[in-house]
Amino acid sequence: MKKINTDVLIIGAGPVGLFTVFELGQLGMKSCVVDSLENIGGQCTALYPDKPIYDIPAYPSVTAGELINNLKKQIDPFKPILLMNQKVNELKKHKDFYSVKTSTNNIIESKCIIIAAGNGAFGPNKPPLKNIDSFENKTIFYHIRDKSKFRKKTVAIAGGGDSAVDWAIELSKTSKKIFFIHRRNKLRAIPQNVEVLYDLENEGKIEMMIPYQLDSIEGKNGIIDHLIIKNMDEEKKKLEVDYFLPFFGLSTNLGPIKDWELELEKNILKVKQETCETNLNGIFAIGDVCSYPGKLKLILTGFSEAAIASHNCFNKINPEKTLHFEYSTTKGINKL
Ligand code: FAD
């Protein structure tokens, strides 16, 4: 657990949250960014890193991944604290600051908060198995950080997309055995890799369990004993495995932010367009998560909102100072 004191907490490390670090930094404010994902970039990184974007001013074409790399370079001089792999949970209002606790028990104290949470925190789609939580991060993983864990082990992988197929191919090189579970005959992954998967089945390195779906998990103290899978005729099979890796994609959820007494309409936070402030003093919302009459859900709109919210944070944090508007060409980079 860490206690962090900063000027502004930014919720969301998507393109808009990242650019906010720059805007705040230029005005002399420190920031800390929290995101539920492992990597920065929000939708750009999680959903379409290789797609070209054509409507970022002055870039005739830039892939979403390059855009995020460039934003990272642009904010590096400000040395933001990036807290990844954690969601924001509780909000507490103190006399002249807020404190926010994250899902990994870090506490961030800040005078202002800028919510750049897009459609909500990205997290894995989980199979609907009743006791799955008790195995998570022990013998069930939704993403892989250290593949050496699976060396000489029996691993079940479920899913039909690129992640499931790519990891089955990769882990088949070192694991004892791979079960590949999917409920349909057709896989959505790129065809060349699907071919490799079936070649590995022919070589006996992977056992395909298709069409099967998950029925239950048996085990205790977080250690899987076996998985039960079933086919369309409800015929069941028992798979003795050491690890289970479900790869069912990502979904989004605004989560506890919904309970912060912010004015919400269908998961979107209402703000005053001229300041981007929500109904709570010192809490701003920008990017895809905010709305006002005429709002366009575009990255460029979010960048502009980042500048507006940051200038308003300055006024809240430094009520005694007058903010003299300056171009970046005049002041250069205001390294903190
Ligand atoms: P996001 O990118 O959604 O990032 C929000 C971040 O906040 C996420 O990483 C999420 O994990 C995190 N978060 C949310 N809640 C929490 C929480 N409680 N705790 C911790 N972290 C949290 N826009 C364009 O302008 N041009 C285009 O050409 C374009 N093409 C697109 C193509 C596709 C396929 C898609 C899906 C979108 C496209 N968009 C495009 C839209 C663009 O990606 C979004 O407008 C942009 O990503 C919004 O940025 P953001 O930073 O507001 O939110």
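What you are looking at is a predicted structure, and each value in this text was computed from that prediction instead of being measured. (Residues numbered from 1 in each chain as written. Predicted model: local features only at pLDDT ≥ 70, side-chain atom pairs only at ≥ 80, totals over all residues. Heavy atoms only, no water.)

A. Expanded view of the overall build of the protein chain. Across its full length, the protein chain carries seven helices and 21 strands. In terms of overall dimensions, the protein chain has C-alpha extents of about 70 × 45 × 35 Å along its principal axes. Considering the protein chain as a whole, with its 336 residues, one finds that 48% of them fall into the buried category. Restricting to contacts in the protein chain with at least 6 residues of sequence separation, those with at least 24 account for 60%. (Helix = DSSP H or I, 4+ residues; strand = E, 2+ residues; numbered from the N terminus. Buried < 20%, exposed > 50% of the residue type's maximum accessible area, 1.4 Å probe, protein only. Contact = heavy atoms within 4.5 Å.)

B. Looking closely at the site of the ligand. What surrounds the ligand is a group of 30 residues, the closest being Asp35, Gln43, Tyr48, Asp288 and Ile299. The contact in question runs from a nitrogen atom of the ligand to an N or O atom on the backbone of alanine 121, over 2.9 Å. Taking 1000 Å² as the accessible area of the ligand by itself, protein coverage stands at 86%. Taken together, the residues of the shell around the ligand break down into 16 nonpolar, 10 polar and four charged. (Near = heavy atom within 4 Å. Polar contact = N/O pair within 3.5 Å; in protein donor to acceptor, adjacent residues only side chain to side chain. Areas by Shrake-Rupley, 256 points an atom, 1.4 Å probe, with all protein chains shown as cover. Nonpolar A, V, L, I, M, F, W, Y, C, P; charged D, E, K, R; others polar.)

C. Seen up close, the side chain of lysine 295. The residue lysine 295 is located in the loop between β21 (290–291) and α6 (299–317) in this model. A distance of 2.9 Å separates the side chain of lysine 295 from the backbone oxygen of glycine 287, its partner in a polar contact. Every residue in contact with lysine 295, bar those within four places of it in the chain, is listed here: Gly287, Asp288, Cys290, Thr301 and Glu305.

D. View of the sheet that holds strand β10 (residues 154–158). The strand order across the open sheet built from four strands is β12-β11-β10-β16, with neighbouring strands paired in parallel fashion. Looking at strand neighbours, the two that pair on one side only are β12 (206–209) and β16 (243–246), the edges of this open sheet. Mean inter-strand twist for the sheet, computed between neighbouring axes without regard to direction, equals 20°. In the sheet, β10 pairs with β16 via four bridges, with the strands oriented parallel. Its bridge partner being in β16, alanine 156 is matched across the sheet by phenylalanine 244. Where helix α4 (residues 162–171) meets the sheet, its contacts fall on β10, β11 (177–181), β12 and β16, and the angle it forms with β10 comes to roughly 165°. (Pairing = 2+ DSSP bridges. Axes fitted to C-alpha atoms, helices over the stretch in contact; angles between N-to-C directions.)

E. The domain arrangement of the protein chain, seen in detail. Along its sequence, the protein chain is organised into domain 1 (3–122 + 251–331) and domain 2 (126–248). Placing the centre of domain 1 and that of domain 2 at their C-alpha centroids yields a distance of 37 Å. (Domains from an automatic or database assignment.)

F. Expanded view of the pairing of strand β14 (residues 223–230). Counting buried positions over the eight residues of β14 gives six, a clear majority of the element. Direction of pairing for strand β13 (residues 213–220) relative to β14: antiparallel, over a ladder of seven bridges. Opposite glutamate 218, over in β14, you have histidine 226 as the bridge partner. The antiparallel hairpin formed by β14 and strand β15 (residues 236–240) contains five residues in its connecting segment, where glutamate 234 sits at a positive phi of about 65°.

G. Main features of the nonpolar core. Counting 37 residues, the largest nonpolar core has Val8, Met29, Leu67, Ile114, Ile286 and Cys313 as its most contacted members. Elements represented by at least two residues in this core include exactly β1 (3–11), α1 (15–26), α3 (64–75), β8 (107–115) and α6. Core analysis: the second largest hydrophobic core is formed by 24 residues, Val100, Leu254, Trp260 and Tyr292 among them. (Core = buried A, V, L, I, M, F, W, Y, C linked by side-chain atoms within 4.5 Å.)

H. Fine view of the packing of α4 against helix α5 (residues 191–202). For the pair α4 and α5, the least separation of the axes is 10 Å and the interaxial angle reads 40°. Judged by the angle between their axes, α4 and α5 are oblique. Handedness of the crossing formed by α4 with α5: left-handed. Along the contact surface, α4 presents Val165, Asp166, Ala168 and Ile169, while α5 presents Asn193, Val194, Val196, Leu197 and Leu200. (Parallel < 35°, antiparallel > 145°, perpendicular 65-115°, else oblique. Left-handed = near helix turned anticlockwise from the far one by under 90°.)

I. Examining the sheet that holds strand β18 (residues 264–265) more closely. With mixed pairing, three strands are arranged side by side in an open sheet as β18-β19-β21. Strands with a single pairing partner mark the edges of an open sheet, and in this sheet they are β18 and β21. For β18 and strand β19 (residues 268–270), the ladder comprises two bridges, and the chain directions are antiparallel. Directly across from leucine 264, in β19, lies its bridge partner leucine 269.

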